[in-house]
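Coordinate analysis (summary)
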Amino acid sequence: MPNFRLLLAVGLLSASRLVAQPKVRLDVLPPPLNAWADDAPFVSSAGLLTDASMRDLLSNGFPARLHYRLERWVGGRWFDDLKAAAEWDVILKYDVLGKKYQVVRVVNKKAASLGDFGTLEDAATVVEAPYKTTIALPKKGQRGYYNLLLDVELLSLSDLDEVERWLRGELKPAVSGKKNPGTALGRGVRTLVVRLLGGEKRHYEARTGTFRL
């Protein structure tokens, strides 16, 4: 019965709320002086965390995982070739008891705290700030471009234990996606709650223009 009431309440809330989709911007910024062969690009974003349903989920303790993948492509006569890729994650979680947002970046399975923040706006500023990537650089004379992919996922409550372990430095379970068993019913209900609020997963892409070295 409690689960049924929860689903009913969330369903009514979702059905009664008409929220305009926020305008999201995703950018791959060139290195200084457009020296593509000498330095890696930066990536930045805006508007990722302004959606009302996402803000509601975050404020109620649902952690968000932002998975980035930057690809470097070289243009060919007939087909383009993928030459290098770099991936990293940013985790954003609201500590309900401490009333603060925690932001962690994970690169090559190493987690680094980006700080604790009193408001989502402050946390979003850090999450969306330009970040210099570590992708392998192109060779002189190549003609290519960068393509950036971003998946924003609101994790279900069954992932909370993994995220807590992540924030404490016990990284492997959260990164590999291994979860505590729990019950199928419990996981199903929690996942359905996230889906009803419209915040389960969103995908964005951005591509640079073609550069010639």
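The structure we're discussing is the one just above.
Residues numbered from 1 in each chain as written. Predicted model: local features only at pLDDT ≥ 70, side-chain atom pairs only at ≥ 80, totals over all residues. Heavy atoms only, no water.

Here we come to the overall build of the protein. Scanning the protein from N- to C-terminus turns up six helices and 10 strands. Here the protein, with 213 residues, has 42% of them falling under the buried criterion. Restricting the contact set of the protein to residue pairs at least 6 apart, pairs at least 24 apart contribute 68%. (Helix = DSSP H or I, 4+ residues; strand = E, 2+ residues; numbered from the N terminus. Buried < 20%, exposed > 50% of the residue type's maximum accessible area, 1.4 Å probe, protein only. Contact = heavy atoms within 4.5 Å.)

Okay, helix H3 (residues 120-128) next. Those residues of H3 that fall on the buried side of the exposure criterion are Leu-120, Ala-123, Ala-124, Val-127 and Glu-128. When H3 is viewed along its axis, its buried side chains cluster within an angular range of 120° and face the same direction. Each element contacted by the buried residues of H3 is listed here: strand S2 (42-46), helix H2 (52-59), strand S3 (64-74), strand S4 (81-95), strand S5 (100-107) and strand S6 (110-117). (Arc of directions from axis to C-beta.)

Here we take up the pattern of salt bridges. Inspection of the entire model under this criterion finds seven salt bridges. Put simply, Arg-202 and Asp-51 hold a salt bridge, and the shortest N to O gap is 3.4 Å. With a gap of 151 residues between them, Arg-202 in strand S9 (residues 201-207) and Asp-51 in the loop between S2 and H2 connect regions that are remote in the sequence. In this structure Arg-202 comes out as buried when scored by relative accessible area, which is 12%. What makes Asp-51 buried here is its relative accessible area of 3%. (Salt bridge = Lys/Arg side-chain N within 4 Å of Asp/Glu carboxyl O.)

Where burial is concerned, most of S3 is hidden: eight out of the 11 residues are buried. Where S3 lies against S4, 11 bridges are found, and the strand directions are antiparallel. Counted as the bridge partner of Leu-66 is Val-90 from S4. What sits between S3 and S4 in their antiparallel hairpin is a turn of six residues. Where S3 lies against strand S8 (residues 143-154), 11 bridges are found, and the strand directions are antiparallel. Bridging from a neighbouring strand, Leu-70 pairs with Leu-148 of S8. (Pairing = 2+ DSSP bridges.)

Once that is clear, we can look at the environment of Leu-58. Turning to its location among the elements, Leu-58 is positioned in helix H2. Owing to a relative accessible area of 0%, Leu-58 belongs among the buried residues under this scheme. A C-alpha to C-alpha distance of 8.2 Å links Leu-58 and Leu-92, two positions 34 residues apart in sequence. Ignoring anything within four residues of it in the chain, the contact list for Leu-58 reads Leu-49, Ala-64, Leu-92, Tyr-94, Tyr-101, Leu-120 and Leu-154.

Counting residues in hydrophobic clusters, the biggest one holds 39 residues, and the most contacted among them are Leu-58, Leu-66, Tyr-68, Trp-88 and Leu-92. Considering every element that reaches this core, the biggest residue donor is S4, with six residues. Setting aside anything within four residues of it in sequence, one finds Trp-88 in contact with Val-43, Leu-66, His-67, Tyr-68, Leu-70, Arg-105, Val-106, Val-107, Tyr-131 and Thr-133. (Core = buried A, V, L, I, M, F, W, Y, C linked by side-chain atoms within 4.5 Å.)

The next subject is the sheet that holds S2. Across the sheet, which stays open at both edges, the three strands sit in the order S1-S2-S7 with antiparallel pairing between neighbours. For this open sheet the edge positions go to strand S1 (25-29) and strand S7 (131-132), each flanked by a neighbour on one side alone. Where S1 meets S2, five bridges bridge the pair, whose relative direction is antiparallel. If you follow Leu-26 over to S2, its bridge partner there is Ser-45.

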